[in-house]
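# Coordinates in review
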Amino acid sequence: MNAGCVILACTLLVGASSGSKASQPLKPPCRPGFSQNFYTVIVSRDLLHGQSILKDTTLSSERVKFEDCQRSREVGFVSNDPNFSVRPDGTVYAEQEVANLSEPVQFMVTARGLHDPHIWETTVKLALAGHPHALALTKVGIEEMLSRVWDSQPRVIKFSRKHQRSSSANGLRRQKRDWVIPPINVPENSRGPFPHMLVRIRSDQDKDVGIRYSITGAGADQPPSGIYSIDPISGNMFVTQPLDREERASFHLRAHAVDMNGNQVENPIDLYIYVIDMNDNRPEFQNQVYNGSVAEGSKPGSSVMQVTATDSDDSTTANGMVRYRILSQTPHSPIPNMFTINSETGDIVTVAAGLDREKVSQYTIIVQATDMEGNLNFGLSNTATALISITDINDNPPELAVRTFSGEVPENKVNVVVTNLTVVDRDQPHSPNWNAVYRIVSGDPSGHFTIRTNPITNEGMLTVVKPVDFEMNRAFMLTVVVSNQAHLASGIQSSLQSTAGVTISVQDVNEPPVFAINPKTIRFEEGVPAGTTLTVFSAQDPDHFIHQIVRYSKLSDPANWLKINRTNGQITTMALLDRESMYVKNNVYEATFLAFDNGKSGSPQASGTGTLQIYLIDVNDNAPVLIPREAQVCERARPNSRINITASDADADPNVGPFVFELPSFPASVRRNWTISRLSGDYAQLRLRIPYLEAGVYEIPIVVSDSGNPPLSNRSVIRVKVCPCDDNGDCSATGAVAAAGLGTGAIIAILICIIILLSMVLLFVVWMKRREKERQAKPLLIDPEDDVRDNILKYDEEGGGEEDQDYDLSQLQQPESLDHIINKPAGVRRVDERPVIAESQYPVRPSLPHPGDIGDFINDGLRAADNDPTAPPYDSLLVFDYEGSGSTAGSVSSLNSISSGDQDYDYLNDWGPRFKKLADLYGGGDDD
């Protein structure tokens with residue numbers, strides 16, 4: 001058993017050996033969990049206090065490492081040994097005082113996320129330094145031991161002997177502690193045969209009593225159940241099927257021993273089963289196609305991109321250690337190996353200079369990932385494609401297509417493209433490295449031109465932004481420089497072809513005459529008589545090299561006050577200038593005039609406009625007007641019974657206020673009854689001079705004078721309503737009427753008129769009602785014999801004729817008695833039976849109906865029939881009345897409609913116009 005434990009421990013130490021490789025720069029894909037399945041922790045003897053280890057003592061600097069892949073998950077560690085545990089940082093410590101650690105101790109540590117359902121497990125083995133089980137293994141022979149793991153499992157695992165006390169000469173003696181049970185290793189993907197025996201579980205007491213063995217835990221009696229089984233009698237433990245480490249890497253079972261009565265004989269023992277990884281999974285790239293980029297001209301060693309492949313096998317062993325290499329590069333320009341890849345990290349970098357986007361814009365790299373540390377003989381491989389785009393840098397300066405450009409432009413035109421400057425740039429189109437920027441460096445000091453870039457073609461559009469004058473500059477010589485939006489890359493010099501000259505010829509055009517002063521302002525007093533010369537408004541022709549004659553005409557004269565001499569531009573008045581006119585704004589009157597030349601050969605006439613502004617100086621030509629024109633006061637003089645008056649004057653200062661208000665001396669009653677007192681320069685008060693004035697309307701003349709030189713006066717009349725007032729000084733309603741001049745007689749006359757108007761409306765309504773009744777009572781304008789109202793008859797539905805005698809007509813006959821129907825028990829009635837309820841009352845047509853009642857009669861009958869449940873059809877079947885057994889008339893079926901002889905129907909013509917249609921049908925046989 002000791003030898004088996006040693007072999008098993010050696011086997012499990014392979015994980016630690018592989019873990020040492022993981023400490024190298026290898027960066028395998030991150031998977032959450034413990035870094036190893038089995039940890040061996042060496043405890044220094046310096047930590048012992050005698051033979052004991054104190055509580056909370058950290059046992060070693062070695063740690064149990066848990067990788068959370070930077071997910072910052074909160075993970076807690078739980079140990080199944082009450083004496084030892086693991087802190088959150090991975091250090092192993094004594095949870096309570098341990099009396100002796102002379103023999104190795106093994107326990108399981110479980111990691112569980114606080115907010116994560118996943119569980120991870122690992123095994124920790126503690127051994128004092130110098131113990132045989134703590135010796136490190138070399139790599140020599142590990143592969144051979146792994147190949148024999150299946151057959152090297154411990155054959156017998158005994159239950160731990162209980163601590164017992166025995167008598168001896170020396171007193172009580174404590175027995176030696178048992179060996180810790182090592183884990184059981186089972187390789188995955190085994191071919192069997194199954195079930196395959198792993199170990200035998202036995203108790204030392206099986207010789208004395210009958211023992212029954214059992215195992216519990218995940219893989220035995222818990223999902224996934226049935227993987228492990230045990231013979232309850234012999235204790236042989238089996239694995240029943242192949243295992244997959246990628247599905248489950250370890251199992252924790254407990255073995256139990258009970259007697260035949262089910263009583264526990266031994267304490268349960270823990271069994272740890274680890275699935276040994278096999279290389280059964282290929283590396284898988286995260287993407288089948290990776291996209292990366294690198295700038296052209298990059299130096300060797302420049303990072304391009306990273307590809308990543310993951311292997312589901314154990315990353316701590318060679319089975320899960322992936323290595324990368326480049327299989328091919330397309331194209332091979334400038335050399336076949338422009339890139340290399342870090343075999344461990346998957347980083348792709350450049351290894352040679354010469355990347356030029358203008359020659360090769362993209363490379364296709366086939367990358368291979370192989371496990372078994374890249375061993376192509378034993379490892380499994382997979383491939384992916386890396387597309388490397390060469391990004392552009394500004395390593396090609398723009399070059400103008402030619403060294404000299406030329407163009408023409410008409411004078412006085414703006415936003416005209418003179419010429420297009422063509423440029424060549426081999427950098428990435430429509431990028432800052434390609435977009436051209438043009439500048440005029442000389443030849444245009446006044447800023448007549450600018451160059452805009454065409455965003456599609458990258459050409460420079462030389463455009464006129466300020467009008468050029470042929471008479472001043474007949475040509476321009478410009479120097480143009482082109483560059484890019486982005487600066488040139490380091491070490492790249494501008495090209496000599498980035499500069500060019502542009503020759504621009506200015507074309508002479510027929511320019512319109514120009515008024516020297518525009519607008520022109522003159523000052524005149526208003527009221528100047530017609531025919532007065534105001535000014536000469538002349539224009540000059542800017543075409544100095546061509547002699548042309550300028551003529552004038554009036555373009556706009558709102559008040560039609562002015563005229564202009566066609567030859568010399570002299571402005572003369574045609575009417576009186578009035579500053580108060582509606583066409584004058586802010587004392588200024590504007591008129592527009594047109595000056596045009598006679599054109600030159602091949603060019604039409606050109607015209608220019610000029611505005612003349614006449615500032616009109618005010619003169620006192622408008623008398624003031626009294627404001628307001630109407631007012632009211634109380635018939636009795638009161639302190640607040642006054643009228644504030646002012647005046648309005650269309651003139652301007654100083655020909656307006658202050659105003660003078662006076663009462664005329666005639667008639668004498670005005671000054672006797674009224675008086676005016678001055679308030680300010682523009683306002684005065686009109687009030688009663690006498691204590692009482694009879695209510696009424698009074699027209700009071702007032703003379704208003706302005707302050708002009710000489711002043712102007714105006715006799716204005718203000719209508720004042722004098723009325724009785726209430727306590728508040730307001731005119732009462734009666735007083736207002738009286739003040740309006742309406743006496744009692746006038747009021748009575750108005751009321752009588754209203755009454756007469758209402759009576760006429762009432763008589764009209766009565767007359768309309770009477771006329772409507774007479775219209776309804778008037779008989780129809782048709783012959784009484786043709787009155788269809790006398791022909792509306794109600795007939796009962798009749799039964800079948802003689803041709804229907806083959807049928808049972810008893811169903812169609814009206815029974816003489818309804819007793820058999822009334823006494824019929826409840827149930828399904830015949831659908832053709834008349835309902836046994838009172839019949840509806842139909843309206844009775846009067847013998848002499850009124851012409852207007854015919855429509856009402858028909859509508860009433862229709863409503864009665866619609867609401868009559870006894871009216872046929874009852875259920876889409878008609879009930880026919882019984883007409884009796886005999887008839888005084890012969891059967892109509894006896895009439896032979898097919899006569900062999902000739903029949904004379906001419907007598908129908910003698911029956912009147914109503915039978916004319918019938919006579920035409922039967923009497924026209926000879927004509928057909």
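What comes next is a walk through the structure. (Residues numbered from 1 in each chain as written. Predicted model: local features only at pLDDT ≥ 70, side-chain atom pairs only at ≥ 80, totals over all residues. Heavy atoms only, no water.)

So, about the overall build of the protein chain. When helices and strands are tallied, the protein chain shows eight helices and 54 strands. Each of the 928 residues in the protein chain was classed as buried or not, and the buried ones make up 35%. Taking the contacts inside the protein chain whose residues are at least 6 apart along the sequence as the reference set, 67% of them involve residues at least 24 apart. (Helix = DSSP H or I, 4+ residues; strand = E, 2+ residues; numbered from the N terminus. Buried < 20%, exposed > 50% of the residue type's maximum accessible area, 1.4 Å probe, protein only. Contact = heavy atoms within 4.5 Å.)

Moving on, we get to the pattern of salt bridges. All told, the structure shown has 14 salt bridges when counted by the stated rule. The partner of Asp89 in a salt bridge is Arg63, and the shortest N-O contact between them spans 3.4 Å. Of the two residues, Asp89 sits in the loop between strand 6 (84–86) and strand 7 (91–94) while Arg63 sits in strand 3 (residues 58–63), which places them 26 residues apart along the sequence. By relative accessible area, Asp89 is classed as partly exposed at 42%. Asp204 is the salt-bridge partner of Arg202, the closest N and O atoms lying 3.6 Å from each other. Exposure remark for Asp204: the relative accessible area of 34% places this residue in the partly exposed category. Look at the salt bridges and you will find they share partners, linking Arg202, Asp204 and Asp206 into a network. (Salt bridge = Lys/Arg side-chain N within 4 Å of Asp/Glu carboxyl O.)

Our focus in this paragraph is the side chain of Asp311. Following the sequence through the fold, Asp311 ends up in the loop between strand 23 (309–310) and strand 24 (323–330). Polar contacts involving the side chain of Asp311 include one to the main-chain amide nitrogen of Asp313, which spans 2.9 Å. Non-local contacts of Asp311, meaning those with residues more than four positions away in its chain, are made with Arg31, Asn281, Arg282, Pro283, Asn319, Gly320, Val322 and Asp371. (Polar contact = N/O pair within 3.5 Å; in protein donor to acceptor, adjacent residues only side chain to side chain.)

This part covers a positive patch on the surface. Residues Arg642, Arg671, Arg687 and Arg689 make up a contiguous surface patch of positive charge. You can see Arg671 is positioned in helix 3 (residues 668–673). Given the relative accessible area of 45%, Arg671 is considered partly exposed. (Patch = residues over 30% accessible without salt bridge, like charges linked within 9 Å, V, L, I, M, F, W, Y side chains within 5 Å. Areas by Shrake-Rupley, 256 points an atom, 1.4 Å probe, with all protein chains shown as cover. Lys, Arg positive; Asp, Glu negative; His and termini not counted. Charge placed at Lys NZ, Arg CZ, Asp CG, Glu CD.)

Attention now moves to the state of the cysteines. The tally for this structure, following the rule as stated, stands at two disulfides. The residue that forms a disulfide with Cys723 is Cys731, at a sulfur-sulfur distance of 1.5 Å. Cys731 sits in the partly exposed class, given a relative accessible area of 22%. (Disulfide = S-S within 2.5 Å.)

Here the focus is the pairing of strand 15 (residues 212–217). Burial of the side chains of strand 15 is restricted to one face: Tyr213, Ile215 and Gly217 are buried, whereas none of Arg212, Ser214 and Thr216 on the reverse face is. As paired elements, strand 15 and strand 18 (residues 250–258) share six bridges and run antiparallel to each other. The residue of strand 18 that forms the bridge with Ile215 is Ala255. (Pairing = 2+ DSSP bridges.)

On to the sheet that holds strand 39 (residues 520–525). A sheet is described by the order of its strands in space; here four strands give the open sequence 39-46-45-42, paired in mixed fashion. The sheet terminates laterally at strand 39 and strand 42 (551–556), the two strands that pair on one side only. Across this sheet, the average inter-strand angle for adjacent strands is 30°, counted without regard to direction. Both strand 39 and strand 46 (residues 607–617) contribute to a ladder of six bridges, which runs parallel. Residue pairing in the sheet places Arg523 in a bridge with Tyr615 of strand 46. (Axes fitted to C-alpha atoms, helices over the stretch in contact; angles between N-to-C directions.)

Here we come to the nonpolar core. Ile201, Tyr228, Met237 and Leu271 are the most contacted members of the largest nonpolar core, which totals 27 residues. Counting residues per element, the ones that place at least two in this core are strand 13 (184–187), strand 14 (196–202), strand 15, strand 16 (228–230), strand 17 (236–239), strand 18 and strand 19 (264–276). The greatest single-element share of this core, amounting to five residues, is contributed by strand 19. In contact with Leu271, other than residues within four places in its own chain, are Ile157, Ile181, Ile201, Met237, Phe251, His252, Leu253 and Ala255. Counting residues in each nonpolar core, the second largest holds 25 residues, with Leu48, Ile53, Leu59 and Leu101 among its members. (Core = buried A, V, L, I, M, F, W, Y, C linked by side-chain atoms within 4.5 Å.)

Looking now at unusual backbone geometry. In this structure, the amide linkage connecting Asn518 to the following residue, Pro519, adopts the cis form with an omega of 0°. Tracing the sequence through the fold places Pro519 in the loop between strand 38 (514–515) and strand 39. Asn709 connects to Pro710 through a cis peptide bond whose omega is 0°. Within the element layout of this structure, Pro710 appears in the loop between strand 53 (696–705) and strand 54 (713–723). Although it is not a glycine, Asn189 adopts a positive phi angle of roughly 60°. Its location among the elements puts Asn189 in the loop between strand 13 and strand 14.

All chains considered together, the criterion is met by 14 aromatic pairs. Note on Phe66 and Phe77: the rings are 6.3 Å apart at their centroids and 75° apart in plane angle, and the pair reads as edge-to-face. Remark: Phe77 occurs in strand 5 (residues 75–79) and Phe66 occurs in strand 4 (residues 66–67); sequence separation between them is eleven residues. Of the two residues, Phe66 and Phe77, neither departs from the other in class, the shared state being buried. Ring geometry for Phe84 against Phe107: centres 6.0 Å apart, planes inclined by 10°, an arrangement best described as stacked. On the criterion of sequence distance, the pair formed by Phe84 in strand 6 and Phe107 in strand 8 (residues 105–113) is long-range, its members being 23 residues apart. Residues Phe84 and Phe107 agree in their burial class; the two are buried. Members of the aromatic cluster, connected to one another through ring pairs, are Phe515, Phe537, Tyr552 and Phe593. When the ring centre of Tyr93 is taken as reference, the NZ or CZ atom of Arg87 above it lies at 4.3 Å. (Phe/Tyr/Trp six-rings, centres within 6.5 Å; stacked < 30°, edge-to-face > 60°. Lys NZ or Arg CZ within 6 Å of the ring centre and 35° of its normal.)

With respect to the helices and strands, Ser538 occurs in the loop between strand 40 (533–536) and strand 41 (539–540). Note: C-alpha distance between Ser538 and Asn568 (30 residues apart in sequence) is 6.6 Å. For Ser538, the residues in contact, after removing those within four places along its chain, are Phe515, Ala516, Tyr552 and Asn568.

Strand pairing in a sheet takes place through backbone hydrogen bonds and is either antiparallel or parallel in direction. What the four strands build is an open sheet, ordered 30-37-36-33; its pairing is mixed. Only two strands of the sheet have a single neighbouring strand rather than two, namely strand 30 (404–410) and strand 33 (436–442). Between one strand and the next, the sheet's axes are offset by a mean angle of 30°, whatever the strand orientation. Inspection of the sheet shows strand 30 paired to strand 37 (residues 499–507) by seven bridges, in the parallel sense. By the bridge assignment, Val409 is partnered in strand 37 with Val506.

The subject of this paragraph is the environment of Asn80. Examined against the element boundaries, Asn80 turns out to sit in the loop between strand 5 and strand 6. Expressed as a C-alpha distance, the spacing of Asn80 and Gln106, which sit 26 residues apart in the sequence, is 9.8 Å. The residues touching Asn80, leaving out its near neighbours within four places in the chain, are Phe107, Met108, His252, Asp270 and Tyr272. Within the structure, Asn80 has its side chain in polar contact with the backbone nitrogen of Met108 (distance 2.8 Å).

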